[in-house]
Amino acid sequence: MQPSTYQQEIFNWVKSGSGHAIVAATAGAGKTTTAVQCAGLLAGRQVLFLAFNKHAAEQLKERLPAGCTASTIHSLGMGALRRALPNGAPNTKSDKLKAVSAMVLDPLMIQNLETYKATQEALMRLADFVRLTLTDPANPEAVLDMVDSYGVDLDPEVEAAALKLLPDVLAHSERLAREQGIIDFTDMIYLPVQWGLRPRTYDFVIVDEAQDLNAAQLEVVLSAVKRGGRVMAIGDRNQAIYGWAGADHRSMDVIKARLGAAELPLSVTYRCPVSHVRLAQAVTPDILPAPGAAEGVVRDVKREELHKHVAPGDLILCRVTAPLIAACYELIGEGVNATVRGRDIAAGLIKLIEKIMGRNPDMAAFPERVMAYRTLQVASLTSRHLGDEDKLARAVDDLDDKLEVLKIVVAKANPRTVSDLKNALNSIFDDSRPAVILSTVHRAKGLEADRVAILRGELLPHPRASTPQDIEGERCVKFVALTRSKRELLWVLESGQQPALDAPAPAPLPLPLDDRARLLALGWTVKESRPESGLRRVNIRHTDGRETGTAHVSEEKALASLLARLTLN
């Protein structure tokens, strides 16, 4: 298959370029295939290909040329960490933080079991996030800024105590690693950075899904580059939605700035049909349809008729969780096999049930206890976010979404005991069987399906987003939702709701690939957009810092004049 102009520019940079680069790859652009082909151009050099997870790394081992190492960043860090552990043998325990937090809490003789559990849970979450983000645990203000930035879910009633005890938890955790070799998954990337340990180094490092790196991962990656070595980081700023897992949404730009890296586009999607690309271009102009791509289908369907339009293998997406639960029960009631993606969501909801119900197993008390729990939580959240109405509103929305999930499950499953409710949750979140998959957009990144339906589209973007960071995050969420389908995109209308999708406007005419290639070869980078004026804007900047060329182009003749001037100068 003939490489695209974008791919050829990347191949040319790998073969004859210098320094570092980030590759801005849109959804469905074939970035992993392109990266594998790049590795094949580096014969005779030590190449490291870093995949996002173990499954992807194992698959890459079968595709990469001989002499190229495929690994996860955690495995890379583990290689460095082994040298500092007793006898080089790690003792990996997934519940390490639970044990460490107990070591700190037990001497305090906390009498209230619910308070103990809530404090322990807060310490475990904080200890995980400060390691991922490399936040100083001894600086309470920095920790609280991190909590707000990443939306870390903490019980406001135990927050102050957890902040005070956090440095002790981290100190105990490090001591267990040094003296007994006891580590957890996050230690594999945190301790090499904390202890200044360097992994094996390589001539050329390729990093996939670079937009989802957290601060600790980035440091491990950069420490694996030989002096004079090169880095190619591939990712998509428009899909940077893993902040809930500790990822730095600025990761691509941080890499570019720290390394002085060039930026190469990979803008053609081979997944999305033309009509879906038009919708996505309203979010960002950095996506183009493949030559010969099908038009695809975009249409509205009524919520009460959704079961007639979906089948196992399809995806149903929503910005929040509660509408997915209700829709899942509706589909099951209509005889459609359906399940909700996210076993960790179920685990979190089960912990929430335990907080609400305490030691009372009788579900008759559930409505009253939910109301009392919400009242206390809202009061605590109000105190914490005093003076910041936007953050308070988002926090209350998140709380209500979780409580609404529980109310729906109680109404549909009619559990008699707390144990019954837990079983019902585990059942609805069982995504191990063939079914229609319902998922929040955040958990659907990396997935694709021939048919995708979107619930509560008015929440894309979420109306509560107010800060620049929140607004940018919501823009990315919408982009991810619009780029999961390969054939058909359904917008689900609630009862009485008017049609949500007008016919997509014609896409901005893309800069011809030959012209773009000429500009790239001369060192110009190109950004295109169509602002509200309707006039096409082309912004062209030279990598050596020369004056930017910008034009609002309404006629092809004007564009041709601009291109001629830039390519001749």
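See the structure printed just above.
An account of the accompanying structure is given in this report. Everything numeric here is computed off the predicted structure, so don't read it as measured data.

### Quick notes on helix α10 (residues 215-223)
Inference 1: Counting buried positions over the nine residues of α10 gives seven, a clear majority of the element.
Inference 2: Considered for burial, the residues of α10 that qualify are Ala216, Gln217, Leu218, Val220, Val221, Leu222 and Ser223.
Inference 3: At the N-terminal end of α10, a side-chain oxygen is found 3.2 Å from the backbone nitrogen of Ala216, two or three residues along, and the residue is Asn214.

### Some points on the environment of Thr32
Inference 1: Its place among the elements puts Thr32 in helix α2 (residues 31-39).
Inference 2: Sequence separation of Thr32 and Val207 is 175 residues, and the distance between their C-alpha atoms is 9.9 Å.
Inference 3: Leave out the neighbours within four places in its chain, and Thr32 touches Leu60, Arg63 and Asp208.
Inference 4: Among the polar contacts made by the side chain of Thr32, one reaches the side chain of Asp208 at a distance of 3.1 Å.

### Here's the deal with helix α11 (residues 251-259)
Inference 1: Among all positions in α11, only Ser251, Met252 and Ile255 are buried. For α11, the buried positions fall inside an angular range of 105° around the axis, keeping them on one side.
Inference 2: Structurally, α11 contributes buried residues whose contacts are with β1 (21-25), α10 and β7 (225-235).

### Some details on the nonpolar core
Inference 1: Core analysis: the biggest nonpolar cluster contains 52 residues, and Ile316, Leu331, Leu425, Phe429 and Leu438 have the highest contact counts within it.
Inference 2: Here this core gets nine residues from one element, more than from any other, and that element is helix α16 (residues 389-413).
Inference 3: Residues Leu165, Val169, Leu176 and Met188 belong to the second largest nonpolar core, which totals 39 residues.

### Considerations on the sheet that holds strand β14 (residues 436-440)
Inference 1: The parallel open sheet is built from six strands, whose spatial order is β11-β16-β15-β12-β14-β13. Here the strands that pair on one side only, and so sit at the sheet edges, are β11 (297-302) and β13 (338-340). Each strand axis lies, on average, 25° off the axis of its neighbour in the sheet, ignoring direction.
Inference 2: Where β11 lies against strand β16 (residues 485-493), six bridges are found, and the strand directions are parallel. Paired with Asp300 across the two strands is Trp491, which belongs to β16.

### With respect to the pairing of β14
Inference 1: Of all five residues in β14, five are buried; the element is thus mostly enclosed.
Inference 2: Side chains of β14 alternate between two faces, with Val436, Leu438 and Thr440 and Ile437 and Ser439 buried alike.
Inference 3: For β13 and β14, the ladder comprises three bridges, and the chain directions are parallel. Paired with Ala338 across the strands is Val436, a residue of β14.

### Here we look at the sheet that holds strand β8 (residues 262-266)
Sheets are built from strands that pair by backbone hydrogen bonding, the pairs being arranged parallel or antiparallel.
Inference 1: Taken in spatial order, the six strands make up an open sheet running β3-β2-β6-β7-β1-β8, and their pairing is parallel. Looking at which strands have only one partner, the edges of the open sheet turn out to be β3 (68-72) and β8. Averaged over all adjacent pairs, the angle separating strand axes in this sheet is 20°, with direction ignored.
Inference 2: Relative to β7, α10 is tilted by about 135°, and along the sheet it contacts β2 (47-51), β6 (202-207) and β7.

Parameters at a glance
Residues numbered from 1 in each chain as written. Predicted model: local features only at pLDDT ≥ 70, side-chain atom pairs only at ≥ 80, totals over all residues. Heavy atoms only, no water. Buried < 20%, exposed > 50% of the residue type's maximum accessible area, 1.4 Å probe, protein only. Helix = DSSP H or I, 4+ residues; strand = E, 2+ residues; numbered from the N terminus. Polar contact = N/O pair within 3.5 Å; in protein donor to acceptor, adjacent residues only side chain to side chain. Contact = heavy atoms within 4.5 Å. Arc of directions from axis to C-beta. Core = buried A, V, L, I, M, F, W, Y, C linked by side-chain atoms within 4.5 Å. Pairing = 2+ DSSP bridges. Axes fitted to C-alpha atoms, helices over the stretch in contact; angles between N-to-C directions.

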